[in-house]
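# Analysis of the macromolecular model
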Amino acid sequence: EVQLVESGGGLVQPGGSLRLSCAASGFTFSNYAMSWVRQAPGKGLEWVSHINSGGYSTAYLDSVKGRFTISRDNAKNTLFLQMNSLKPEDTAVYYCAKYWASGPRLRIGVRKEEYDYWGQGTQVTVSS
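Let us look at the structure shown here. (Residues numbered from 1 in each chain as written. Predicted model: local features only at pLDDT ≥ 70, side-chain atom pairs only at ≥ 80, totals over all residues. Heavy atoms only, no water.)

## Things to note about the pairing of strand E7 (residues 68–73)
Remark: a regular strand shows side chains that alternate across the two faces of the sheet. On E7, burial follows the alternation: Phe68, Ile70 and Arg72 on one face are buried, whereas Thr69, Ser71 and Asp73 on the facing-out side are not. In this structure, E7 lies alongside strand E8 (residues 78–83), joined through 6 bridges in antiparallel fashion. Counterpart to serine 71 in the pairing with E8 is phenylalanine 80. Linkage of E7 to E8, two consecutive antiparallel strands, is achieved through a turn of 4 residues, within which asparagine 77 is found at a positive phi near 55°. (Buried < 20%, exposed > 50% of the residue type's maximum accessible area, 1.4 Å probe, protein only. Helix = DSSP H or I, 4+ residues; strand = E, 2+ residues; numbered from the N terminus. Pairing = 2+ DSSP bridges.)

## Some details on the packing of aromatic side chains
Centre distance and the angle of the planes are the two values used to describe a pair of aromatic rings. Within the structure shown, the criterion is met by 8 aromatic pairs. Aromatic side chains tryptophan 47 and tyrosine 115 sit 6.1 Å apart centroid to centroid with 40° between the ring planes, which places their arrangement in the tilted category. Residue tryptophan 47 is located in strand E5 (residues 45–51), and its partner tyrosine 115 is located in strand E10 (residues 115–118); the two are separated by 68 residues in the primary sequence. For the pair formed by tryptophan 47 and tyrosine 115, the shared burial category is buried. What links up through ring pairs into an aromatic cluster is the set Trp47, Tyr95, Tyr99, Trp100, Tyr115 and Trp118. Directly above the ring of phenylalanine 27 sits lysine 98, whose terminal nitrogen or CZ lies 5.5 Å from the centroid. (Phe/Tyr/Trp six-rings, centres within 6.5 Å; stacked < 30°, edge-to-face > 60°. Lys NZ or Arg CZ within 6 Å of the ring centre and 35° of its normal.)

If you want it as structure tokens, here you go:
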């Protein structure tokens, strides 16, 4: 059974940092591209960052470039999102998601249907 379990969210002041983790199981993690997706209250899904299966190709939403860093540890089946200089507009539930197709390419999905498994989400609140 495929499972994605996020952790690391919480309440942080503007300018602060958080590191999200996503523990994966039930599939060969190192074969699949992964993404972080967020949903703010009352808004739709927003693709934040993507990483290829090998961890050497990444992509970011323009508004988080230079502040967020996606990475992965394939030996530990874990995906990370380091978030620095957090802003109130980063407040959202953050999900990790597995791209449906395997392979080394960077996959920049834009539709929910391109991801076949999602975590339960972790809340990030940026507020003073």
